[in-house]
Amino acid sequence: VVVEITPALGGRVLHVGRVDRPNLTRIGEPVVSQPTPAVSADADDIGYLGHDVWLGPQSGWWSDQHANPSRRAARAVWPPDPFLAFAETRVVARAPDRLVLEGVDSPVTGVRLLKSFAFDPSDPSTVVVTATARNIRRRPVARDLWFNTRTSAATRVYVPVADAGDVRVDGAKDVLPAWRIGGGVFSFLPAPAEAAMRRGKVFLQPSAGWMAGFAQGQAFVIRFDHQPRAAIHPEHGQIELYLDHTRDVQAGLLEMEVHAPFRTLAAGEAMQARERWTVLAYDGPETQEAQLAFLCERLALCVATD
């Protein structure tokens, strides 16, 4: 597996994939055209995509800060914190199998992020991605760590989910993506031929700590510590999937997101969350049955199937 990370743009992952296969992450054109964005509390979002780390809940992004009073007054839910997204990070440690990056103190979110990326010494197909958030304020802050990995909307994504009651969908009704739960696994249904657009976000309470995406001859598995619903901020799901595409599904966007527990940090206190990314070559049939069987055989991620 090869992983490419830039210390710029908040310490962002720009490439994940098998050495001999394509990049699984979706990268935005601004990575090339705007490589050194201005960092301020007035900055808007820039679509660099890739993988980065946010702090939840989204409703609190601008409500607990004084760097941009107009956004606080509006209780803005967009854009994400520019200091986490755009600022140059400091390289703390660097080796062929490990990289540690430290971000800046954010006056918006009130934290400083430390990101670590390391190959699992017992499994060269697996990268351990760790984020640590430290409260830099002199008072408590309430936050969660939120991993966001962008890939193509054509990725076939699977999430273990016990019941339809563990799924919530948000978006305009006429363009919401269709989905199903079969054999304890959530998946999106293929877009109808006449569909001009699908856009919406799905909030899920998974039944186990993993999700998997299949694309471009690869299986991309994200594993994490499974949490009870009560540990996750009620605004969110432990897993969230944002899907957005027109008729060109390959060019569209799928965000594979994971929330860690919501916590209140005392002044100077830190919290940490971790994902394990495993990327395997997959040349089997493009069917749910075959792909779930592959996950069961190779990674012991076994669920009942219809």
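Now for a description of the structure that goes with this document.

The rules behind each value
Residues numbered from 1 in each chain as written. Predicted model: local features only at pLDDT ≥ 70, side-chain atom pairs only at ≥ 80, totals over all residues. Heavy atoms only, no water. Helix = DSSP H or I, 4+ residues; strand = E, 2+ residues; numbered from the N terminus. Rg over C-alpha atoms; globule rule 2.2 N^0.38 Å. Contact = heavy atoms within 4.5 Å. Phe/Tyr/Trp six-rings, centres within 6.5 Å; stacked < 30°, edge-to-face > 60°. Lys NZ or Arg CZ within 6 Å of the ring centre and 35° of its normal. Buried < 20%, exposed > 50% of the residue type's maximum accessible area, 1.4 Å probe, protein only. Pairing = 2+ DSSP bridges.

Below, the discussion takes up the overall build of the protein. Across its full length, the protein holds four helices and 19 strands. Relative to the globule expectation of 19 Å for 306 residues, the C-alpha radius of gyration of the protein, 19 Å, shows essentially globular dimensions. Expressed along its principal axes, the backbone C-alpha trace of the protein runs to roughly 55 × 45 × 40 Å. Restricting to contacts in the protein with at least 6 residues of sequence separation, those with at least 24 account for 66%.

What follows deals with the packing of aromatic side chains. Counting across every chain of the model gives 13 aromatic pairs. In textbook terms, an aromatic cluster arises when at least three aromatic residues are bridged by ring pairs, as seen for Trp-54, Trp-61, Trp-78 and Trp-146. The ring centre of Phe-203 lies 3.9 Å from the NZ or CZ of Arg-168, which sits over that ring.

Our next topic: the pairing of strand β14 (residues 210–215). The two faces of the sheet receive side chains in turn, since in a regular strand these alternate between them. With six of six residues buried, β14 is to be regarded as a mostly interior element. Of the strand pairs in this sheet, strand β9 (residues 156–160) and β14 are connected by three bridges, and their pairing is antiparallel. When the bridges of β14 are listed, Tyr-158 appears paired with Ala-212. Pairing geometry for β14 and strand β15 (residues 218–224), over six bridges, is antiparallel. Residue pairing across strands places Ala-212 opposite Val-221, the latter belonging to β15. Where β14 folds back onto β15 in an antiparallel hairpin, the turn is made up of two residues, including Gln-216, whose phi is positive at roughly 50 degrees.

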